[in-house]
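# Understanding the architecture of this molecule
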Amino acid sequence: MEKALWYLLTATRGGENRVRIIRTLSERPRNANRLADELDVGYKTIRHHLDVLESHGVIEAGGDKYGRLYFLTDHFEQYRDTFEEIATHLD
Amino acid sequence: MAMSTQILAASVLSGVNIVFLSALAAVWVRNYRTFRTSLVLGLLAFAVVMLVENAFALYFFFTMQSLYSGDPHVQQAVLVLRGLQLVAVAFLTYVTVR
């Protein structure tokens, strides 16, 4: 997962927004609409990034279909240090 | 001497490679400004070298046709190599911009 995280977050076009999504979800779980509002990114873009992060096992969805909340996975938390190292570059 | 169809096709493929590689380089330049990681710098160097390689290929196709004109097998081999590079670069572009 470590190599995938590095590529997914620092080397792709949407990497910066993916870092911002993970940061926001680190505070507490949110649904796609809230993320779009808080990060000032289009809903469709947020949806796309959520799907990519989910398929890589970084986040998982819980709750009912509409307004599903997204959580960071336990698997991702094992690589928290890697994420923090990447995120410090963003400041 | 007129350019053979296969070398012309190889030139077009090189042109498309250059478009893809420019898109990749643009993403990586922007991300390097944001993240400053050696991973992105390495990827950027990769894209730049591949851009130079394709520029040289185009240069050879247009200026050294005597190199290729004698042998149709050489022309075919050149076309296959350009085509395979295009497939490789297209995959990398897809996973990078999506």
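The structure contained in this document is the topic of the report that follows. Here the structure is a predicted model, which means the values were calculated and not measured.

### Details of the overall build of chain A
- Within chain A one finds 6 helices and 3 strands.
- Across its three principal directions, the C-alpha atoms of chain A cover 35 × 25 × 20 Å.
- A burial count over chain A gives 45% of its 91 residues as buried.
- In chain A, 50% of the contacts between residues at least 6 apart in sequence involve partners at least 24 apart.
- Carbon together with sulfur atoms contributes 46% to the accessible area of chain A, which is approximately 4900 Å² in total.
- Computed over 13 positive and 16 negative side-chain charges, the separation of the two mean positions in chain A equals 6 Å.

### With respect to unusual backbone geometry
- Positive phi, close to 55 degrees, is recorded for Asp40(A), a residue that is not glycine.
- Here the phi dihedral of Arg36(B) falls at roughly 55 degrees; this positive angle occurs in a residue that is not glycine.
- By relative accessible area, which is 52% here, Arg36(B) ends up exposed.

### Quick look at the sheet that holds strand β1 (residues 30-31) of chain A
All names here are of chain A.
- Spatial ordering of the open sheet is given by β1-β3-β2, a layout of 3 strands whose pairing is antiparallel. Both outer strands of the open sheet, β1 and β2 (59-62), are each paired with one neighbouring strand and no more.
- Across 4 bridges, the pairing between β2 and strand β3 (residues 69-72) is antiparallel. By the bridge assignment for β3, Ile59 is matched with Leu72.
- Against the sheet, helix α4 (residues 43-55) contacts β2 and β3, and its axis sits at roughly 110 degrees relative to β2.

### Considerations on the packing of helix α1 (residues 2-11) of chain A against helix α6 (residues 80-88) of chain A
Residues and elements named next belong to chain A.
- Their axes nearest at 10 Å, the elements α1 and α6 cross at an angle of 25 degrees. Our classification of the angle between α1 and α6 gives roughly parallel. Taken as a pair, α1 and α6 cross one another with a handedness that is right-handed. Across the interface between the two elements, Glu2, Leu5, Trp6, Leu9 and Thr10 from α1 touch Thr82, Phe83, Glu85 and Ile86 from α6.
- Across the contact of α1 with α6, the residue classes break down as 5 nonpolar, 2 polar and 2 charged.

### Considerations on the interface of chain A and chain B
- At the interface, 16 residues of chain A touch 16 residues of chain B.
- With both chains or domains summed, chain A and chain B bury close to 1300 Å², and 56% of this area falls on carbon and sulfur atoms.
- The largest per-residue losses of area from chain A upon contact with chain B belong to Tyr7(A), Thr10(A) and Arg13(A), which jointly make up 43% of the total buried on that side.
- Our count for the contact surface shared by chain A and chain B stands at 0 salt bridges.
- Between chain A and chain B we count 9 residue pairs in polar contact (both at pLDDT 80 or more) in total.
- For the side of chain A that touches chain B, the secondary structure elements donating two or more residues are α1, α2 (15-27) and α4 of chain A.
- Sorting elements by how many residues they give to the side of chain A that touches chain B places α1(A) first, with 5 residues.
- Of the residues contributing to the side of chain A that touches chain B, the split by class is 8 nonpolar, 5 polar and 3 charged.

Conventions used here
Residues numbered from 1 in each chain as written. Chains lettered and ligands numbered in written order. Predicted model: local features only at pLDDT ≥ 70, side-chain atom pairs only at ≥ 80, totals over all residues. Heavy atoms only, no water. Helix = DSSP H or I, 4+ residues; strand = E, 2+ residues; numbered from the N terminus. Buried < 20%, exposed > 50% of the residue type's maximum accessible area, 1.4 Å probe, protein only. Contact = heavy atoms within 4.5 Å. Areas by Shrake-Rupley, 256 points an atom, 1.4 Å probe, with all protein chains shown as cover. Lys, Arg positive; Asp, Glu negative; His and termini not counted. Charge placed at Lys NZ, Arg CZ, Asp CG, Glu CD. Pairing = 2+ DSSP bridges. Axes fitted to C-alpha atoms, helices over the stretch in contact; angles between N-to-C directions. Parallel < 35°, antiparallel > 145°, perpendicular 65-115°, else oblique. Left-handed = near helix turned anticlockwise from the far one by under 90°. Nonpolar A, V, L, I, M, F, W, Y, C, P; charged D, E, K, R; others polar. Buried area = accessible area lost by both parts, 1.4 Å probe. Salt bridge = Lys/Arg side-chain N within 4 Å of Asp/Glu carboxyl O. Polar contact = N/O pair within 3.5 Å; in protein donor to acceptor, adjacent residues only side chain to side chain.

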